[in-house]
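The lines below spell out each chain.
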Amino acid sequence: MKSSDYNTTDWQKYRKLMMTGILAALTALAGDMILGWGVCDESMSGFAYYFSRYMTVSEERIAIAAFLGMVGIPIECLCYYGIHGLIRNERYAGMYRIGLTGILIFGALVHVLCCIMVSYGKMCFMSDPVAAQNRIFRFGLYYLIPPCLIFFAFFITAAVIQFKAFSRGCTPYPKQCCWFSFLAGIVVIILMRFMGNQAWAYAVSTGWISWGSLFMFAGLLAAVPEEEEK
């Protein structure tokens, strides 16, 4: 991309991307909440207590959750590229693009693997509760953790670069708009920890990344500079 490409913005196209991003984030959020809706068995402890909230999740719900995430997450990520077009610093724009590419490749994959792990874990607990924990740990260690680590490396990279680009005035937005970030979803996790063993609280916290995306897309859409809007 040439330097001159960073000096203009198609605001009509940008607004459409942000609105599409909101719809995609809602789709992915629906999948997360369908998967995460459940309560823990108070009679259990440790990992069994944590996983028990998934025992009431049907295979149909797991399949729907996987499908919604598989559709919503890539579209959500593609809409992040609208923000990439705002960055007037070529170095930041290049690093941000690398981060987004990693999220696009690994985001939906990690989501689907989480759904598969829930399904596999349910089968393990129903067939052999004693050995279930070790089997689930091995599955996570071999198949889930490696792509998760790669995903979050790209995810954090993109989030940090976006914050720097906005806070250092490398976009048409006011610097304080740096707080419109998909990392804002972490606040949702923190708040839901105070809600106790509630199905809706677990469901909401499961979709923390999508909540962060919703906050970011809606915030940036509402904060489009007036002179650019005209």
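Remember, predicted model here, so these are calculated numbers, not experimental data.

**Student:** Explanation requested: the overall build of the protein chain in the structure shown.
**Tutor:** Counting its regular elements, the protein chain contains nine helices and zero strands. Each helix and strand of the protein chain, placed in order from N terminus to C terminus, yields the pattern α-α-α-α-α-α-α-α-α. When its C-alpha atoms are laid out on the principal axes, the protein chain stretches across 60 × 30 × 25 Å. Taken over 230 residues, the protein chain has a buried fraction of 47%. Long-range contacts, defined as pairs at least 24 residues apart, comprise 76% of the intrachain contacts of the protein chain with a sequence gap of at least 6. When the accessible area of the protein chain is evaluated, it comes to approximately 11600 Å², of which 67% is carbon and sulfur surface.

**Student:** Would you take a moment to explain the environment of Gln198 for this structure?
**Tutor:** With respect to the helices and strands, the residue Gln198 is situated in the loop between α6 (186–192) and α7 (199–206). Gln198 sits 121 residues away from Cys77 along the chain, and the two C-alpha atoms are 30 Å apart. Not counting residues up to four positions away in its chain, the partners in contact with Gln198 are Gly38 and Val39.

**Student:** Help me out: how do you make sense of the packing of aromatic side chains in this one?
**Tutor:** To describe a pair of aromatic rings, one takes the distance between the centres and the angle between the planes. Under the definition given, this model contains 24 aromatic pairs. The rings of Tyr80, Phe151, Phe152, Phe155, Phe182, Trp208 and Phe217 are connected pair by pair, giving a single aromatic cluster.

**Student:** What should I look at first to understand the side chain of Ser119 in this one?
**Tutor:** Turning to its location among the elements, Ser119 is positioned in helix α4 (residues 90–127). The class for Ser119 is buried, based on a relative accessible area of 13%. Residues contacting Ser119, with those up to four places away along its chain left out, are Glu59 and Ile62.

**Student:** What is the right way to look at the pattern of salt bridges in this model?
**Tutor:** Oppositely charged side chains can pair when the atoms bearing their charge come close. Tallied over the entire structure, the rule returns one salt bridge. Residues Lys122 and Glu59 are paired through a salt bridge, measuring 3.8 Å at the closest nitrogen-oxygen approach. Of this pair, Lys122 sits in helix α4 while Glu59 sits in helix α3 (residues 59–84); the two residues are 63 residues apart in sequence, bridging distant segments of the chain. With a relative accessible area of 8%, Lys122 lands in the buried category.

**Student:** Looking at this structure, I do not really get α4. What am I missing?
**Tutor:** An α-helix turns once per 3.6 residues; consequently, residues spaced three or four apart project the same way. Compared with the 56 Å implied by 1.5 Å per residue over 38 residues, the 55 Å span of α4 between its first and last C-alpha is a close match. Regarding α4, its N-cap is Asn89, as a side-chain oxygen of that residue lies 2.9 Å from the backbone nitrogen of Arg91 further along.

**Student:** Explain the packing of helix α5 (residues 129–167) against helix α8 (residues 208–222) here, please?
**Tutor:** For any two helices packed against each other, one specifies the crossing angle of their axes together with the interaxial distance. Packing of α5 against α8 leaves a shortest axis separation of 14 Å and a crossing angle of 25°. In terms of orientation, α5 and α8 fall into the roughly parallel class. Remark: the crossing between α5 and α8 carries left-handed chirality. Residue-level inspection shows Phe151, Phe152, Phe155, Gln162 and Phe166 of α5 in contact with α8, the latter providing Trp208, Ile209, Met216 and Leu220. Class assignment of the residues belonging to the contact of α5 with α8 gives a composition of eight nonpolar, one polar and no charged.

**Student:** Sorry, what's going on with a nonpolar patch on the surface here?
**Tutor:** Together, Trp37, Ile186, Ile190, Phe194, Met195 and Trp200 line one region of the surface with nonpolar side chains, adding up to about 640 Å² of accessible area. Tracing the chain through its elements places Phe194 in the loop between α6 and α7. The class of Phe194 is exposed, set by a relative accessible area of 69%.

**Student:** Looking at this structure, how should I read the state of the cysteines?
**Tutor:** Where two cysteines share a covalent bond between their sulfur atoms, that bond is called a disulfide. Following the criterion strictly, the structure yields zero disulfides and no others. Summary of cysteine pairing: Cys79 is not part of a disulfide, and the nearest cysteine sulfur, belonging to Cys77, is at 9.1 Å. No disulfide involves Cys170; its nearest neighbouring cysteine sulfur is the one of Cys178, lying 12 Å away.

**Student:** Teacher, can you tell me more about the environment of Tyr120 here?
**Tutor:** Note that Tyr120 resides in helix α4. With residues up to four places along the chain from it excluded, the contact list for Tyr120 reads Arg135, Ile136 and Phe139.

So, how was this worked out
Sequence order sets the numbering: in each chain, residues are counted from 1 along the sequence as written. Local features in this predicted model are restricted to residues of pLDDT 70 or higher, and side-chain atom pairs are both shown and tallied only at a pLDDT of 80 or more, whereas totals for entire chains, interfaces and linings draw on every residue. The basis for the side-chain values is all heavy atoms of the structure; hydrogens and waters are excluded. Helix and strand labels come from DSSP, where a helix needs a run of H or I of at least four residues and a strand needs a run of E of at least two; each type is numbered from the N terminus. Each residue is placed in one exposure class: buried if its accessible area under a 1.4 Å probe, protein chains only, is under 20% of its type's maximum, exposed if it is over 50%, and partly exposed if it falls in between. In this analysis, two residues are considered to be in contact whenever any of their non-hydrogen atoms come within 4.5 Å of each other. Each accessible area value is a Shrake-Rupley result obtained with a 1.4 Å probe; residue values ignore everything except the protein chains displayed when judging cover. Two rings belonging to Phe, Tyr or Trp (six-membered ring only in the last case) form a pair when the distance between their centres is within 6.5 Å. Interplanar angles under 30 degrees mark stacking, angles over 60 mark edge-to-face geometry, and anything in between is tilted. Salt-bridge detection follows one rule: a side-chain nitrogen of Lys or Arg within 4 Å of a carboxyl oxygen of Asp or Glu. In this analysis, the expected span of each helix is defined as 1.5 Å times one less than the number of residues it contains. Within 3.5 Å is the distance limit for a polar contact, defined as a pair of N or O atoms, with the added protein rule that one can donate a hydrogen and the other accept it, and that residues adjacent in sequence qualify only through two side-chain atoms. Simply put, an axis is a line fit to the C-alpha atoms, just over the touching stretch for a helix, and the angle between two N-to-C directions goes from 0 to 180 degrees. Working rule for angles: under 35 degrees goes down as roughly parallel, over 145 as roughly antiparallel, 65 to 115 as roughly perpendicular, anything else as oblique. Left-handed describes a crossing in which the near helix is turned anticlockwise from the far one by less than a right angle; the clockwise case is right-handed. For this classification, the nonpolar set comprises Ala, Val, Leu, Ile, Met, Phe, Trp, Tyr, Cys and Pro, the charged set comprises Asp, Glu, Lys and Arg, and every other residue, Gly included, is treated as polar. Like-charged residues within 9 Å of one another, or nonpolar side chains (Val, Leu, Ile, Met, Phe, Trp, Tyr) within 5 Å, are grouped into patches, provided each residue has over 30% relative accessible area and no salt bridge. Two cysteine sulfur atoms make up a disulfide if the distance between them is within 2.5 Å.

Scope: geometric values only; no functional claims are made or implied.
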